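# An overview of the molecular structure
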Amino acid sequence: MKKITLLIALITIAGNTFAQSERESDLRFAFVLSPQVSWISSDHSSAEGNGSLFGYNFGVEMDKFFAKNYAISTGLTINTTGGKLDYQNYGIEDVSEDNFAAVEYRLKYIEIPFSLKLQTNDFHRTSYYGIFGLSTQYNIKATDGDGNNINDDVHFFNLGYNFGGGLQHSLGGNTYLKTGITYNQGISDVTDHEYFDDKAVLNRLVFNFGVIF
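In this text, all values refer to a predicted model and were calculated from it rather than measured experimentally.

This part is about empty space enclosed by the protein. This model, assessed by the stated rule, comprises three cavities of 30 Å³ or more. Its volume calculated, the largest cavity comes out at about 330 Å³. Taken together, 21 residues line the largest cavity, and the ones lying closest to its centre are Glu61, Pro113, Ile131, Thr182 and Asn208. Elements represented by at least two residues in the lining of the largest cavity include exactly β1 (27-42), β3 (53-67), β4 (70-88), β5 (100-119), β6 (126-143), β8 (175-186) and β9 (200-212). Ranked by the residues each element gives to the lining of the largest cavity, the list is headed by β5, at four residues. The residue inventory of the lining of the largest cavity, partitioned by class, reads five nonpolar, 10 polar and six charged. Of the voids in this model, the second largest cavity is the one considered here, and its volume is about 70 Å³. As for the second largest cavity, its lining consists of Ser135, Gln137, Asn158, Leu159, Gly160, Tyr161, Asn184, Gln185, Gly186, Leu202, Asn203 and Arg204. Residue assignment for the lining of the second largest cavity shows that the elements contributing at least two residues are β6, β7 (157-172), β8 and β9. For the lining of the second largest cavity, the leading source of residues is β7, giving four residues. Grouping the constituent residues of the lining of the second largest cavity by class yields three nonpolar, eight polar and one charged.

Here it is, written out as C-alpha cells:
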C-alpha cells in the first residue's frame, strides 16, 4: 500500500506541474512507442552480464517550453525491460555444472522521466532536439525467464540518467512525427538479494517513435 501511495503522489505532482499550462501553446503532448534493447551489469566479480533483452516503452510524454527552444520534458510510460546475469557460487538451487546460476530478469516499470530538452527552429519542416536528464522507474512486475514471480529480488525504485537526440518532422499544423535514440544508464541497484551484496544496474538503448500534438 505504501508503494502505491508513493506512486500516486508522484504522478499527481507531475500532473499538477504541467496542468497549469495546458491552455497555452508552450505545452506539447506526444504518444510514444519505443522499442529498446536492455541489459544488466554488476560491479561484483562473481556476477557477470549474460545477454540483453528486447522490450518496449509506451505511453504519454509532455514538453513544457519555458523559452522558444528550451523545454522541461516528462511523461508517464509503461516500460518493459530487463537483462540476464550469471552468478558464481550463488546460493540458489539452479546451479549449472560450472557453478554458475543464470538468472533472467524480466521487469516491468512505470517510468516518469525528467529531462531538459533543447530544440532547434524548424528547417524545411524539420527540427532537431537533444535531451539530458533523469529517469525514475517504479516496479510493477518482475519475473524470471520461466515466468516465476521474483518481485522480492528486485527493488521497487530504480533511478538512471539519460541522454540522446533525434528529429521532429511536421505533418501539418501542430502535428509532428518524432524519431530519435536515447541511452539510459542505471544509477541505483536493480536487484535485492539477501545473501549477495552487489550493485546491478539496468542499461537501455531506446529507439524513440512518437506523434506530437
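Structure's up, so let's keep going.
Along the polypeptide, Ser135 turns up in strand β6. When the C-alpha atoms of Ser135 and Ile187 are compared, they prove to be 9.7 Å apart, with 52 residues separating the residues in sequence. With residues up to four places along the chain from it excluded, the contact list for Ser135 reads Glu111, Ile112, Pro113, Asn158, Leu159, Gly160, Asn162, Asn184 and Arg204. Side-chain polar atoms of Ser135 contact the side chain of Glu111, separated by 2.4 Å.

Residues Tyr87, Tyr105, Leu107 and Val154 are the most contacted members of the largest nonpolar core, which totals 15 residues. Every element with two or more residues in this core is listed here: β4, β5 and β9. If one sorts the elements of this core by residue count, β5 sits on top with four residues.

Position of Ile72 relative to the elements: it lies in strand β4. Spatially, the C-alpha atom of Ile72 lies 9.7 Å from that of Leu27, the residues being 45 residues apart in sequence.

It is worth spelling out the pattern of salt bridges at this point. A full pass over the atoms with the stated rule returns six salt bridges. Where Lys64 meets Asp26, a salt bridge forms, and the shortest distance between an N and an O atom there is 3.3 Å. Of this pair, Lys64 sits in strand β3 while Asp26 sits in the loop between α1 (2-19) and β1; the two residues are 38 residues apart in sequence, bridging distant segments of the chain. By relative accessible area, which is 17% here, Asp26 ends up buried. Lys178 serves as the salt-bridge partner of Glu61, at 2.6 Å between the closest nitrogen and oxygen. In this pair, Glu61 sits in strand β3 while Lys178 sits in strand β8, placing the two residues 117 residues apart along the sequence. As far as burial versus exposure is concerned, Glu61 and Lys178 are alike and both buried. A single salt-bridge network, built from bridges that share partners, covers Lys84, Glu104 and Arg106.

What counts as what
Residues numbered from 1 in each chain as written. Predicted model: local features only at pLDDT ≥ 70, side-chain atom pairs only at ≥ 80, totals over all residues. Heavy atoms only, no water. 1 Å grid on protein atoms, 1.4 Å probe; cavity = no way out; pocket = protein on both sides within 12 Å on 5 of 7 lines; lining within 4 Å. Points joined across faces, edges and corners; volume = space filled by probe spheres on them. Helix = DSSP H or I, 4+ residues; strand = E, 2+ residues; numbered from the N terminus. Nonpolar A, V, L, I, M, F, W, Y, C, P; charged D, E, K, R; others polar. Contact = heavy atoms within 4.5 Å. Polar contact = N/O pair within 3.5 Å; in protein donor to acceptor, adjacent residues only side chain to side chain. Core = buried A, V, L, I, M, F, W, Y, C linked by side-chain atoms within 4.5 Å. Buried < 20%, exposed > 50% of the residue type's maximum accessible area, 1.4 Å probe, protein only. Salt bridge = Lys/Arg side-chain N within 4 Å of Asp/Glu carboxyl O.

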